[in-house]
Amino acid sequence: NAGVTQTPKFRILKIGQSMTLQCAQDMNHNYMYWYRQDPGMGLKLIYYSVGAGITDKGEVPNGYNVSRSTTEDFPLRLELAAPSQTSVYFCATWTSGRNEQYFGPGTRLTVT
Amino acid sequence: AQSVSQHNHHVILSEAASLELGCNYSYGGTVNLFWYVQYPGQHLQLLLKYFSGDPLVKGIKGFEAEFIKSKFSFNLRKPSVQWSDTAEYFCAVNVAGGSYIPTFGRGTSLIVHP
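Residues numbered from 1 in each chain as written. Chains lettered and ligands numbered in written order. Predicted model: local features only at pLDDT ≥ 70, side-chain atom pairs only at ≥ 80, totals over all residues. Heavy atoms only, no water.

A. Representation of the state of the cysteines in the model. By the definition in use, this model includes 2 disulfides over all chains. Disulfide pairing places Cys23 of chain A opposite Cys91 of chain A at an S-S distance of 1.8 Å. Since a negative S-S torsion denotes a left-handed disulfide, the Cys23 of chain A-Cys91 of chain A link at about -70 degrees is left-handed. On the criterion of sequence distance, the pair formed by Cys23 of chain A in strand 3 (residues 19-25) and Cys91 of chain A in strand 9 (residues 87-95) is long-range, its members being 68 residues apart. Here Cys23 of chain B connects covalently by a disulfide to Cys91 of chain B, the sulfurs 1.9 Å from one another. Judged by the sign of its S-S torsion, about -65 degrees, the cystine formed by Cys23 of chain B and Cys91 of chain B is left-handed. Of this pair, Cys23 of chain B sits in the loop between strand 3 (19-21) and strand 4 (24-26) while Cys91 of chain B sits in strand 10 (residues 87-95); the two residues are 68 residues apart in sequence, bridging distant segments of the chain. Assigned by exposure class, Cys23 of chain B and Cys91 of chain B land together as buried. (Disulfide = S-S within 2.5 Å. Helix = DSSP H or I, 4+ residues; strand = E, 2+ residues; numbered from the N terminus. Buried < 20%, exposed > 50% of the residue type's maximum accessible area, 1.4 Å probe, protein only.)

Take a look at the structure:
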């Protein structure tokens, strides 16, 4: 199993550009999450999904959109990038079998 | 909604020193508790978790944590740290029985000098 994969690993965007951060999992987990991590601020939940076709906002959803058309994929869309979106983004899943989250390797995004 | 406080933001220790990282949460009901570790440049990995039973939980790499319900605390301990324990440590809390949407603390950066 590859676990949770994220692409790209790094990206530099100009203000106003758009991009999609990809997240895929091969563990058949229902729950998936997007977090952003800023220095000294811990993890902030952006969006989450409890299954295909179901998504909901987290703590900091403004400026982002998600979709969950399949169990495996949970892409995060930035429509009009702003410097405040410079961060490291982590995708994660949860398994009820082991009661823990599995995290992807992260995407480091810089908006200039 | 629950919240999580990690009071130590930065901790610097020498190898073989003992470690205790504080974690307090605010929620009056039953919770599930977690400690995650993030090594430099890597993603978060689970260290240990508490759901029920013995409040003293043992995790990987010699770490343990004690759940003290009366103090709303779940402190992480290790009797003798190693240079390889240099990492960021996150405490997380989830309301038991609900949707699995954990709340994370701000994290504690641990540096261990050889």
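B. Geometry of the packing of aromatic side chains. By the definition in use, this model includes 17 aromatic pairs over all chains. With a centroid separation of 5.8 Å and 80 degrees between ring planes, the pair formed by Phe34 of chain B and Tyr100 of chain B is classed as edge-to-face. In this pair, Phe34 of chain B sits in strand 5 (residues 31-38) while Tyr100 of chain B sits in the loop between strand 10 and strand 11 (103-104), placing the two residues 66 residues apart along the sequence. Grouping residues by exposure puts Phe34 of chain B and Tyr100 of chain B together as buried. Judged by centre distance (5.8 Å) and plane angle (45 degrees), the rings of Tyr36 of chain B and Phe104 of chain B are tilted. Taken together, the residues Tyr36 of chain B in strand 5 and Phe104 of chain B in strand 11 connect sequence positions 68 residues apart. Classification of Tyr36 of chain B as buried rests on a relative accessible area of 0%. Residue classification places Phe104 of chain B among the buried residues on the basis of a relative accessible area of 9%. These aromatic residues form a ring-pair network of at least three members: Tyr31, Tyr33, Tyr35, Trp94 and Phe103 of chain A together with Phe34, Tyr36, Phe51, Tyr100 and Phe104 of chain B. Across the ring face of Phe74 of chain A, the terminal group of Arg68 of chain A is positioned such that the distance to the ring centre comes to 5.9 Å. (Phe/Tyr/Trp six-rings, centres within 6.5 Å; stacked < 30°, edge-to-face > 60°. Lys NZ or Arg CZ within 6 Å of the ring centre and 35° of its normal.)

C. How the structure looks around the pairing of strand 9 (residues 73-78) of chain B. Residue and element names in this part refer to chain B. In terms of residue burial, strand 9 counts as a mostly covered element, since 5 of its 6 residues are buried. Where strand 3 lies against strand 9, 3 bridges are found, and the strand directions are antiparallel. Looking at the pairing, Glu20 lines up with Arg77 of strand 9. Pairing geometry for strand 8 (residues 64-68) and strand 9, over 5 bridges, is antiparallel. For Glu64, the partnering residue across the bridge sits in strand 9 and is Arg77. Turn length for the strand 8-strand 9 hairpin, with the two strands adjacent in sequence and antiparallel, is 4 residues, and the turn residue Phe72 shows positive phi of about 50 degrees. (Pairing = 2+ DSSP bridges.)

D. Examining the nonpolar core more closely. Ranked by internal contacts, the top residues of the largest apolar core, which has 28 residues, are Trp35, Leu48, Phe74, Leu76 and Tyr89 of chain B. Mapped by element, the contributors of at least two residues to this core are strand 2 (10-14), strand 3, strand 5, strand 6 (44-50), strand 8, strand 9, strand 10 and strand 12 (108-113) of chain B. (Core = buried A, V, L, I, M, F, W, Y, C linked by side-chain atoms within 4.5 Å.)

E. Broad picture of the interface of chain B and chain A. Counting residues at the interface gives 17 residues for chain B and 19 residues for chain A. Together chain B and chain A conceal approximately 1600 Å² of surface at their shared face, both sides included; 60% is due to carbon and sulfur atoms. The largest per-residue losses of area from chain B upon contact with chain A belong to Tyr100, Ile101 and Arg106 of chain B, which jointly make up 34% of the total buried on that side. At the junction of chain B and chain A, the tally comes to 1 salt bridge. Note that Glu100 of chain A is salt-bridged to Lys49 of chain B, the shortest N-O span being 3.5 Å. Here chain B is connected to chain A by 4 residue pairs in polar contact (both at pLDDT 80 or more). Of all the elements in the fold, those that place two or more residues in the side of chain B that touches chain A are strand 5 and strand 6 of chain B. In terms of residue class, the side of chain B that touches chain A is made up of 10 nonpolar, 5 polar and 2 charged. (Contact = heavy atoms within 4.5 Å. Buried area = accessible area lost by both parts, 1.4 Å probe. Salt bridge = Lys/Arg side-chain N within 4 Å of Asp/Glu carboxyl O. Polar contact = N/O pair within 3.5 Å; in protein donor to acceptor, adjacent residues only side chain to side chain. Nonpolar A, V, L, I, M, F, W, Y, C, P; charged D, E, K, R; others polar.)

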